[in-house]
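# Breakdown of the fold
Residue strings, one per chain:
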Amino acid sequence: MRITTWNVNGLRAALRKGFADYLDVLQTDVLLLQEIRVRPEQLPKEWAEPDDWHVHWHPAVRGGYAGVAIWSREPFEVIGTGLDTADPEGRVLRVRIDDTDFVSVYLPSGSSGEHRQAAKEVWMDSFAPWMAERYNDGRPVVVGGDLNIAHTEQDIFYAKGNQKNSGFLPHERAWFGDLLTSGWRDLVREHFGDVQGPYSWWSNRGRARELDRGWRIDYLLGNQQIGEKFQSAEIHREAGLTISDHAPVTIVTD
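Computed from a predicted structure; not experimentally measured.

## Some words on the overall build of the protein
The helix and strand inventory of the protein stands at 9 helices and 12 strands. A compact globule built from 254 residues should have a C-alpha radius of gyration of about 18 Å, and the protein, at 17 Å, falls within 12% of that. C-alpha extents for the protein along the principal axes are approximately 45 × 40 × 35 Å. Put simply, the protein has 254 residues, and 56% of those count as buried. Within the protein, residue pairs in contact and separated by at least 24 positions form 67% of the contacts whose partners lie at least 6 positions apart. Here the protein has roughly 11100 Å² of accessible surface; of this, 47% comes from carbon and sulfur atoms. For the protein, the separation between the mean place of its 28 positive charges and that of its 38 negative charges on side chains is 6 Å.

Here you go:
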């Protein structure tokens, strides 16, 4: 099974830029989308209800903002949205396919100011125990999405210059480390090993995209049951350069 997470930075814009073509390239079975920034009724019917896909949308209440969705080649059951609480920003969607749970997550960014960083940290405080419950559900679980945190210096091109910036703050990185210590596996890092990158997001400033000076902030995390089935991972840089500012990230499992 191929499982892909992708922050599309606005699905309507992604469609105009060739999203459909990259779906053919990805050949994925389960697609976890973030930052869709659209309601299904705002899409052409062929995309609101795409052929050969089972889709559930979880848009934000606020138009043109955030939102997540899950697409699957197989039917699924929607288990919940949010952290089992109200989720007006459309941050979390959880579904079940056969005996496996899949979660699409869009963790808030704190880069726009102190008020958003504070909101991000409140969200992180709630997300950690929620993840602990999911880990112990007794079934395979994949959590994929834009977590807006680069965990280590290998996950960011310019570590020294970003240590005071949201997304690479020491306590954010420690928080992410605690998720892994609790048992969650960073499957993409396990595949690529002890190397710099590969990155999944690039700023539009300077020549960051051209020179591959990015951040790895898009993850596919698995519990032990998924880890036992894990085979490989890949980051599709070209799609990140042409469709979104994020690259799709894929894992392959038995």
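From this point, things continue past the structure.
## Some words on helix α5 (residues 170-181)
With 12 residues, α5 extends 16 Å between its outermost C-alpha atoms, agreeing within 8% with the 16 Å of an ideal straight helix rising 1.5 Å per residue. Residues of α5 that are buried in the fold lie against α4 (114-135) and β10 (218-222).

## Quick word on the nonpolar core
One finds Ile 3, Phe 102 and Ile 251 to be the most contacted residues of the largest nonpolar core, which totals 27 residues. The set of elements that each furnish at least two residues to this core consists of β2 (30-34), β4 (68-72), β6 (92-97), β7 (100-106), α6 (187-192), β11 (230-235) and β12 (249-253). Beyond its immediate sequence surroundings of up to four residues, Phe 102 is in contact with Met 1, Ile 3, Val 30, Leu 32, Ile 70, Leu 93, Arg 94, Val 95, Ile 97 and Val 142.

## So, the sheet that holds strand β3 (residues 54-58)
Spatially, the 6 strands line up as an open sheet ordered β3-β4-β2-β1-β12-β11, and their pairing is mixed. Because the sheet does not close on itself, it has two edges, and the strands there are β3 and β11. The average undirected angle you get between the axes of adjacent strands in this sheet is 15°. Where strand β1 (residues 2-7) lies against β2, 5 bridges are found, and the strand directions are parallel. From the neighbouring strand, Thr 4 faces β2, where its bridge partner is Leu 31.

## Considering the packing of α4 against α5
Where α4 contacts α5, the axes come no closer than 11 Å and their chain directions differ by 10°. In this view, α4 runs roughly parallel relative to α5, as classed from their interaxial angle. Note that α4 runs across α5; the crossing there is left-handed. Of the residues in α5, those touching α4 at Gln 117, Lys 120, Glu 121, Met 124, Phe 127, Ala 128 and Met 131 are His 171, Glu 172, Trp 175 and Leu 179. Residues belonging to the contact of α4 with α5 are distributed by class as follows: 6 nonpolar, 2 polar and 3 charged.

## With respect to the sheet that holds β10
If you trace the 6 strands from one edge of the open sheet to the other, you get β5-β6-β7-β8-β10-β9, paired in mixed fashion. Across the chains shown, the open sheet's two edge strands, defined by having one partner strand only, are β5 (77-81) and β9 (185-186).

## Topic: the pairing of β7
In terms of burial, β7 is a largely internal element, 7 of the 7 residues being buried. Burial along β7 is two-sided: the face carrying Thr 100, Phe 102, Ser 104 and Tyr 106 and the face carrying Asp 101, Val 103 and Val 105 are both buried. Connecting β6 to the next strand, β7, in antiparallel fashion are 2 residues, including Asp 98 with a positive phi near 55°. Between the parallel elements β7 and strand β8 (residues 141-146), the chain passes through α4 in a crossover that is right-handed.

## Concerning unusual backbone geometry
Each neighbour pair has its own omega, and for Gly 197 with Pro 198 the value is -5°, a cis peptide bond. Position of Pro 198 relative to the elements: it lies in the loop between α6 and α7 (208-211). Non-glycine residue Asp 84 carries a positive phi angle of around 60°. With respect to the element layout, Asp 84 can be found in the loop between β5 and β6. Residue Asp 84 is classed as partly exposed on the basis of its relative accessible area, which comes to 49%.

Calculation rules
- All residue numbers refer to positions counted from 1 along the written sequence of the respective chain.
- Only residues with pLDDT of at least 70 get local features here, since the model is predicted, and only at 80 or more are side-chain atom pairs given and counted; chain-wide, interface and lining totals rely on the full set of residues.
- The side-chain figures draw on all heavy atoms in the structure; neither hydrogens nor water molecules are used.
- Going along the chain from the N terminus, every DSSP run of H or I of four or more residues is numbered as a helix, and every run of E of two or more is numbered as a strand.
- In this setup the radius of gyration rests on C-alpha atoms only. A globule is expected at 2.2 Å times the number of residues raised to 0.38.
- Note on classification: 1.4 Å probe, protein chains only; a residue is buried when its accessible area is under 20% of the maximum for its type, exposed when over 50%, partly exposed between these limits.
- Note on contacts: a residue pair qualifies if any of its non-hydrogen atoms lie within 4.5 Å across the two residues.
- Working definition of accessibility: Shrake-Rupley area with a 1.4 Å probe, residue cover restricted to the visible protein chains.
- Asp and Glu count as negative and Lys and Arg as positive, but His and the ends of the chain are not part of the count.
- A single reference atom marks each charge: NZ on Lys, CZ on Arg, CG on Asp, CD on Glu.
- The span you would expect from a helix comes to 1.5 Å times its residue count less one.
- Definition used in this section: a nonpolar core is a set of buried Ala, Val, Leu, Ile, Met, Phe, Trp, Tyr and Cys residues joined via side-chain atoms within 4.5 Å.
- For two strands to be treated as a pair, DSSP must find at least two bridges joining them.
- Whenever a helix is involved, its axis is fitted only over the stretch in contact; in every case the axis is a line through C-alpha atoms, and angles between N-to-C directions fall within 0 to 180 degrees.
- These descriptions rest on fixed angle ranges, namely under 35 degrees for roughly parallel, over 145 for roughly antiparallel, 65 to 115 for roughly perpendicular, and the rest for oblique.
- Here a crossing is called left-handed whenever its near helix is offset anticlockwise from the far helix by less than a right angle, and right-handed whenever the offset is clockwise.
- Note that Gly is not counted as nonpolar here; it falls among the polar residues with everything else outside the nonpolar set of Ala, Val, Leu, Ile, Met, Phe, Trp, Tyr, Cys and Pro and the charged set of Asp, Glu, Lys and Arg.
- Handedness of a crossover: with both strands directed away from the viewer, a clockwise path from the first strand across the helix to the second marks it as right-handed.

In short, shape yes, function no, at least from these values alone.
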